[in-house]
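# An overview of the molecular structure
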Amino acid sequence: MGVRIAGILVVCALLLVPANAGAVGKPRLKLSFATLSQKQLLKGGALRVRVTARKRGRVRLYATARHGKTEVTATRARLVKLRAHHRRALKLKLTKAGRRELTGCVKRRLVVTAVPLVSVEAGTGRPKRLSKPMKRDRAACRKRGPNGTGGNGGSGGNGGGSGGGSPAPGEQRPVAFTTPSDASRCDFLDLSVCLQPWPNDYFTIADKSKPTGRRLNLDIQSTPKNAEGKPIDPADYNRNDGFSPGAMIVTKVPGLDTKAAFDKSGIVPNTDMAKAFAPNQPVVLINTRTHGRALAWAELDANPKDPANVNLIIRPGRNLDEATRYVVALRGLKGADGKAIAPTKEFKLYRDRRLTTNEAVEDRRAHMESLFKTLTEAGIDRDGLVRAWDFTTASETNLTERMLAIRNDAFKNLGDTNLANLKVEGDSPTFAVTKVTENPNEKLLRIVDGTVTVPCYLDLPGCPSGSRFLYPPGSTDGLPVLQPIPGNTISARFRCIVPKAAAAGGARAGIYGHGLFGSRGEVEQGQLQDMANEHNFVFCATEWIGMACADLPDDPQGILGDVLAGNTPQSPDCDVPNVVTILHDLSNFPTLADRVQQGMLDFMFLGRAMVHPDGLGTNAAFQTAGGTSVFDGTQRLYYDGNSQGGIIGGALIAVEPDLDRGVIGVPGMNYSTLLTRSTDFGTGVAPDPTNPGLPEYAYPLYQSYPNELERPLLFSMMQTLWDRGEADGYALHMTDDPLPNTPAHKVLMQAGLGDHQVAQIAAETEARTIGARTRDPYTDPGRDDDVTPGFGMPRIGSYPFDGSAFMLFDIGPPRQEDGETRGTNPPPTTNTPPAREGQEDPHEFPRRSADGRRQKDAFLRIGGTVIDVCGARPCYAGSWHGP
């Protein structure tokens, strides 16, 4: 018999905006139950409710069943459009788990939740709830006898029928289930690789000392092992309070291992990111604070030849919010034959609420139920799930605290503690000019070499290649020990170009960031000499130590042989030997990430010496014939960098105290996305004995870690530490949300369509993350495989534009000009590098463009703006002038 409930709960909720947005009125909702009868619920398979709103809007409704401390999502969510002052009677259909839950005879409360919906992307407002006791079917319960009161609703998996009798009809008794012996340190939801799914809060523990309240807790027995059987040391990972905000999400789904299966499933690809918000998108990433979907896309790893080694990879199209828990949900997946892919039996235990006697399974159940509840509020029904798990992103503090600590300490020693005011205060760094080359060519007045003295914060005197931060023994939180050796410094070498345009002074001060494993010598590039002379800049550069090489050893391939033979060659002026050592044993990866941060400090000290009144301008090498400084006297610094200088340069801009504008050329972020898409990294081809150059970087890594199924996990693990020394960890604060004690910045990005070395998609992800706008038209028709080229980047309405911008330069399609190959194809849609044959790499062309230099000139000045140098058509470079 149904029971009409007269009680009505009045709740207030924002229907049109999130709970933390500006108020636009508080429409009132009235909720009531139409029935609370257990018998009628089970017979009809639905819970009936009524809802009324004072104003029109959209709400998501669902119901849960509560017994003691256990609360289970019992119905599917239903999105309802409400008219003002109009009452609607609705049915909320029971899920399979809900029907099973409501079968038992224990006392329960039914809870209906109304969640105001803003949008699929922005998420929801604060949910409001109405709770009433369920009226049990006492007649049916009496027939079951004294042992029929348990049902399956007990807390913690102990809800089976009491006593020794058989469970009553329709009730569940916990079943025996065996998990692997390593279940305490490996997630049994993905049995393919111990640390998958990754990232994953299953590999974290509570830690109140961390901003997120959690920290990673990887067991050394669980990390991937190299060919010698050595596992990756997790010590530095376990200092993190979450995972990368650009997390490369990896899991193996049996049956989802071919392009046909991917396409049949309808998963959002990188060429149509708008599908991330489609109602039935199979791969979704849910923000647990807002219940909105993150912009994310997915792909199958295209590198393994055997489908058994193919992982599903999910990547954010814009970096995720920091210090936030996300739920990954996979649903409605299909195999190549079009048939539904079933969840694993392990996941079904949670999805279908099948209780077990296994402690490892049941200890996780409450957490999984909270996950299902979040998904329900986001409109994702548990019945269709194939897999779901959650992870927490690292906090702003955890990502940046090391870099900010050494920066703040170093500048404090100079006498400058306010680094946000764009004022040069305190002393100049100590410097020395060691060599001056006068009139080297028709563009340059002189080339100046020297050193700037920088405090060394690494654990070896002079911060040589292979050194790293020093932490107190056994610590898992807090900063590295600053200046472990009293008076420890590094003499950072620099090279500067003084153009002939600066002969009368008035030159702007610019620091230049070199490319992959390059050196300060790249400041002499022709394009930079043109930029300096055409627009009166003095550019100086030092090495991105950690990823630099000033003096490549005579036998690069011999380095590889030495490392694989167990030797550890080092070179104080080249990081390549150390990088090969890292690729052989990823336990050494902190030596790269930590030294790159020291290199960023070296750049900051060089920049401060350029703009300080007592700095470089006091030396004759940086003076006019009349003895005055060649610099313009504004004490404002600017940044220009390309390739690796665009990648690490983004991080540098985010922490630089002496500039508020920077240009990053052919840039990108997130090496876990970049590596397999770059011709520099390669595909793992063995070195050619007849070619004395460096082998592909993929080769030593793949030789040392031969398990193809594990490789995506390796890239994502590395990114967890790489975030400390590249733009991915700083992008959310690169522009208008500056880091503490840091000025806001504006950034101009200039990328190349189809770039062979730094993937276009990595640049576009960075542009979306920093809030850059782009131009219209973005590309010519057919020159970008995206359904919506430049998706997610607002267009610039008019010029000059005062903000951050992304400009894409096109060198045109492949063609023959004067017997030489020109142009390139759009980038591959897979995680593989572009084909070299029959194509030209666009990587050098944006920086060589005279139009690009004019745009940089207008931007890199006090009060600078973005100007339009491309007219009514897309931006072109090289010999291409459009179709």
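Structure's up top.
First, a word on what this report is: a plain description of the structure on this page. (Residues numbered from 1 in each chain as written. Predicted model: local features only at pLDDT ≥ 70, side-chain atom pairs only at ≥ 80, totals over all residues. Heavy atoms only, no water.)

### So, the overall build of the protein chain
To keep it simple, the criterion reads: Secondary structure is summarised from DSSP: a helix means a run of H or I of at least four residues, a strand means a run of E of at least two, and numbering begins at the N terminus for each. Here the globule rule reads 2.2 Å times residues to the power 0.38, and the radius of gyration is calculated from C-alpha atoms. Whether a residue is buried, partly exposed or exposed follows from its accessible area with a 1.4 Å probe, protein chains only, as a fraction of its type maximum: under 20%, in between, or over 50%, in that order. Reported accessibility uses the Shrake-Rupley method at a 1.4 Å probe radius. Residues are deemed covered only where the shown protein chains occlude them. Charge convention: Lys and Arg are scored as positive, Asp and Glu as negative, and His as well as the terminal groups of each chain are ignored. The atom standing in for a charge is NZ when the residue is Lys, CZ when it is Arg, CG when it is Asp and CD when it is Glu.
Within the protein chain, the secondary structure is distributed over 19 helices and 31 strands. A compact globule built from 883 residues should have a C-alpha radius of gyration of about 29 Å, and the protein chain, at 30 Å, falls within 12% of that. Sorting the 883 residues of the protein chain into buried and exposed places 60% on the buried side. With an accessible surface of roughly 31,900 Å², the protein chain has 50% of that area assigned to carbon and sulfur atoms. If you average the places of the 107 positive and of the 95 negative side-chain charges in the protein chain, the two averages end up 18 Å apart.

### Let's talk about the pattern of salt bridges
How we decide: The term salt bridge refers to a pairing of a side-chain nitrogen on Lys or Arg with a carboxyl oxygen on Asp or Glu at a separation within 4 Å.
Applying the stated criterion across every chain yields a total of 43 salt bridges. The salt bridge partner of R847 is E844, with a shortest N-O separation of 3.5 Å. Residue E844 is classed as partly exposed on the basis of its relative accessible area of 28%. Overlapping salt bridges bring together R66, E71 and R129 as one network.

### Comments concerning the side chain of S428
Threshold: We call two residues in contact whenever any of their non-hydrogen atoms come within 4.5 Å of each other.
Of note, S428 is situated in the loop between α8 (396–414) and β19 (431–438). The residues touching S428, leaving out its near neighbours within four places in the chain, are L414, A609, H612, D614 and G615.

### A look at the packing of helix α9 (residues 526–535) against helix α19 (residues 850–859)
Geometry of a packed helix pair, given as the angle between the helix axes and the separation of the axes. Spelled out, the test is: For helices, the axis comes from a line fit to the C-alpha atoms of the stretch in contact; other axes are also lines fit to C-alpha atoms, and the angle between any two N-to-C directions lies between 0 and 180 degrees. Angular relationships are summarised with four words: roughly parallel below 35 degrees, roughly antiparallel beyond 145, roughly perpendicular across 65 to 115, and oblique for the angles in between. With the far helix as reference, a near helix turned anticlockwise by less than a right angle produces a left-handed crossing, and one turned clockwise produces a right-handed crossing.
The contact between α9 and α19 brings their axes to 10 Å, and the two run at 50 degrees. Taken together, α9 and α19 sit at an angle that is classed as oblique. Pair α9 / α19 crosses with right-handed handedness. Residues Q527, D530, M531, E534 and H535 of α9 form the contact with α19, whose participating residues are R853, R854, K856 and D857.

### Some thoughts on the sheet that holds strand β15 (residues 296–300)
Across a sheet, strands are paired by hydrogen bonds formed along the backbone, either parallel or antiparallel in direction. Quick note on the threshold: Pairing between strands is defined by DSSP: at least two bridges between the two strands are required.
The 3 strands lie next to each other as β13-β16-β15, forming an open sheet whose pairing is antiparallel. Lying at the two open borders of the sheet, with one neighbouring strand each, are β13 (249–251) and β15. Sheet twist, expressed as the mean angle between neighbouring strand axes with direction ignored, is 20 degrees. Note that β13 and strand β16 (residues 312–316) share 3 bridges and pair antiparallel. Residue pairing across strands places V250 opposite I313, the latter belonging to β16.

### Regarding the packing of α8 against helix α12 (residues 590–611)
Spelled out, the test is: Gly counts as polar in this scheme, as do all residues outside two lists: the nonpolar Ala, Val, Leu, Ile, Met, Phe, Trp, Tyr, Cys and Pro, and the charged Asp, Glu, Lys and Arg.
It is at 10 Å that the axes of α8 and α12 come closest, and there the two elements cross at 35 degrees. Along this stretch, α8 crosses α12, giving a crossing that reads as right-handed. Of the residues in α12, those touching α8 at R402, M403, I406, R407, A410, F411 and L414 are Q597, Q598, M600, L601, M604, F605 and R608. Looking at side-chain class alone, the contact of α8 with α12 contains 9 nonpolar, 2 polar and 3 charged residues.

### Comments concerning the state of the cysteines
Note the threshold: To count as a disulfide, a pair of cysteine sulfur atoms needs to be within 2.5 Å.
Under the counting rule described, the total for this entry stands at 5 disulfides. Put simply, C549 and C574 are joined by a disulfide, and their sulfur atoms are 2.0 Å apart. Classification of the bridge connecting C549 and C574 rests on its S-S torsion, roughly -100 degrees, and on that basis the disulfide is left-handed. Pair noted here: C549 is in the loop between β23 (537–541) and α10 (556–564) and C574 is in the loop between α10 and α11 (576–584), with a separation of 25 residues, a long-range link.

### Observations concerning the sheet that holds strand β14 (residues 283–287)
With respect to topology, 3 strands assemble into an open sheet ordered β14-β17-β18, the strand pairing being antiparallel. Two strands close off the open sheet at either side, each with one partner strand: β14 and β18 (385–392). Each adjacent strand pair in this sheet contributes to an overall mean axis angle of 20 degrees, direction not counted. Bridge count between strand β17 (residues 325–331) and β18: 7 bridges; the pairing is antiparallel.

### Remarks on unusual backbone geometry
Residues Q196 and P197 are joined by a peptide bond in cis, for which omega reads 0 degrees. Here P197 lies in the loop between α3 (138–144) and β11 (204–206). Note the cis peptide between Y799 and P800, where omega equals -5 degrees. You can see P800 is positioned in the loop between β27 (773–774) and β28 (805–810). Positive phi, normally seen in glycine, also occurs at Q635, with a value near 60 degrees. Its place among the elements puts Q635 in the loop between α12 and β24 (637–642). When its relative accessible area of 28% is taken as the criterion, Q635 is described as partly exposed. Despite not being glycine, D818 has its phi angle at roughly 55 degrees, a positive value. Mapped onto the fold, D818 is located in the loop between β29 (815–817) and β30 (820–822).

### Digging into the nonpolar core
Spelled out, the test is: To define a nonpolar core, start from buried Ala, Val, Leu, Ile, Met, Phe, Trp, Tyr and Cys residues and group those joined through side-chain atoms within 4.5 Å.
In this structure, V538, L601, L616, F622 and F806 are the most contacted members of the largest nonpolar core, which totals 155 residues. The dominant element in this core, judged by the number of residues it contributes, is α12, at 12 residues. Ignoring anything within four residues of it in the chain, the contact list for F806 reads M749, A751, A763, E764, A767, A772, R773, T774, R775, Y778 and M793.

### A word on the environment of E534
Our working definition: Counting of polar contacts relies on pairs of N or O atoms within 3.5 Å, with two restrictions inside protein: one atom must be capable of donating a hydrogen and the other of accepting it, and residues adjacent in sequence are counted only when both atoms are side-chain atoms.
Checked against the element boundaries, E534 lands in helix α9. On the accessibility criterion, E534 (43% relative accessible area) is partly exposed. E534 sits 35 residues away from P499 along the chain, and the two C-alpha atoms are 8.8 Å apart. In this structure the side chain of E534 is engaged in a polar contact, spanning 2.9 Å, whose partner is the side chain of R853.

### Some thoughts on a positive patch on the surface
Counted only if it meets this: For patch building, the residue pool is restricted to those with more than 30% relative accessible area and no salt bridge; the joining distance is 9 Å between like charges and 5 Å between nonpolar side chains (Val, Leu, Ile, Met, Phe, Trp, Tyr).
A contiguous patch of positive charge on the surface is contributed by K107, K135, R138 and R142. One can find R138 in helix α3.

### A look at the environment of K746
Residue position: K746 is located in strand β26 (residues 746–752). Exposure remark for K746: the relative accessible area of 25% places this residue in the partly exposed category. In this structure, K746 is in contact with D660, R661, G662, D802, G803, S804 and F859, ignoring residues within four places of it in sequence.

### Brief notes about the environment of N707
If you trace the backbone, N707 turns up in the loop between α15 (698–704) and α16 (711–722). The spacing of N707 and D755 is 48 residues in sequence and 29 Å in space, taken between C-alpha atoms.

### Thoughts on helix α2 (residues 96–103)
Most of α2 is tucked away, with 6 of its 8 residues classed as buried. When we look at burial in α2, the residues that qualify are A97, G98, R100, E101, L102 and T103.

### Comments concerning the packing of aromatic side chains
Applied cut-off: Put simply, two rings from Phe, Tyr or Trp (the six-membered ring, in Trp's case) pair if the centres are within 6.5 Å, and we call them stacked under 30 degrees between planes, edge-to-face over 60, tilted for the rest.
By the definition in use, this model includes 19 aromatic pairs. Between the aromatic rings of F243 and F391, the centroid separation amounts to 6.5 Å while the plane-to-plane angle is 90 degrees, which identifies the pairing as edge-to-face. Separated by 148 residues along the polypeptide, F243 in the loop between β12 (214–216) and β13 and F391 in strand β18 bring together distant segments of the chain. For the pair shown, F243 and F391 are each scored as buried.

### Examining the pairing of strand β25 (residues 661–665)
We apply this condition: Here is how to tell: hold the view so the strands point away, follow the path from the first strand over the helix to the second, and if it runs clockwise the crossover is right-handed.
The buried fraction of β25 is high, at 5 of 5 residues. The two faces of β25 match: R661, V663 and G665 on one face and G662 and I664 on the other face are all buried. Pairing between β24 and β25: 4 bridges, direction parallel. When the bridges of β25 are listed, G641 appears paired with I664. For the crossover from β24 across helix α13 (residues 644–655) to β25, the handedness is right-handed.

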